[in-house]
Amino acid sequence: STPNAPEDDVANRYSRTDRTTYSRYSRDANSSGNSVPSNALEKRIEELERELAKERQENVRLMKITQDKEELIGKLKEEIDLLNR
């Protein structure tokens, strides 16, 4: 077994962060009186959310690879122990 969290835990942690971040951006965009049109902000937020989703997918993929490598290392250590006996 590996000390890494299951992929579901990672996805859940990220989705909570998304909701908090999105709410904060929405409030800031609506309450601020800056000259940037809200349409441009919404497009930028959508673009960043897509980029974030891609990065999270990559993170999950890399975590899976790491987990697989750790399992292989454990099996190889066991095999080394058996061979040394």
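What counts and what doesn't
- Residues numbered from 1 in each chain as written.
- Predicted model: local features only at pLDDT ≥ 70, side-chain atom pairs only at ≥ 80, totals over all residues.
- Heavy atoms only, no water.
- Helix = DSSP H or I, 4+ residues; strand = E, 2+ residues; numbered from the N terminus.
- Buried < 20%, exposed > 50% of the residue type's maximum accessible area, 1.4 Å probe, protein only.
- Areas by Shrake-Rupley, 256 points an atom, 1.4 Å probe, with all protein chains shown as cover.
- Salt bridge = Lys/Arg side-chain N within 4 Å of Asp/Glu carboxyl O.
- Expected span 1.5 Å × (residues − 1).

Labelled according to an unreviewed UniProt entry, the chain appears under the name PAWR protein, originating from Crypturellus soui.

Draft legend 1. Structural detail: the overall build of the chain. Along the backbone of the chain there are two helices and zero strands. Burial statistics for the chain: of 85 residues in total, 5% are counted as buried. Only carbon and sulfur atoms are counted for the fraction: they give 51% of the accessible area of the chain, which is about 7300 Å².

Draft legend 2. Geometry of the pattern of salt bridges. Taken as a whole and assessed by the stated rule, the structure comprises three salt bridges. The partner of Lys64 in a salt bridge is Asp68, and the shortest N-O contact between them spans 3.0 Å. Placement of the pair is Lys64 and Asp68 together in helix H2 (residues 38-84), with a separation of four residues, close to one helical turn. When its relative accessible area of 38% is taken as the criterion, Lys64 is described as partly exposed.

Draft legend 3. Representation of H2 in the model. With 47 residues, H2 ought to run about 69 Å at 1.5 Å a step, and its terminal C-alpha atoms sit 67 Å apart, in line with that. For H2, the complete set of buried residues consists of Ile45, Arg56 and Gln67.

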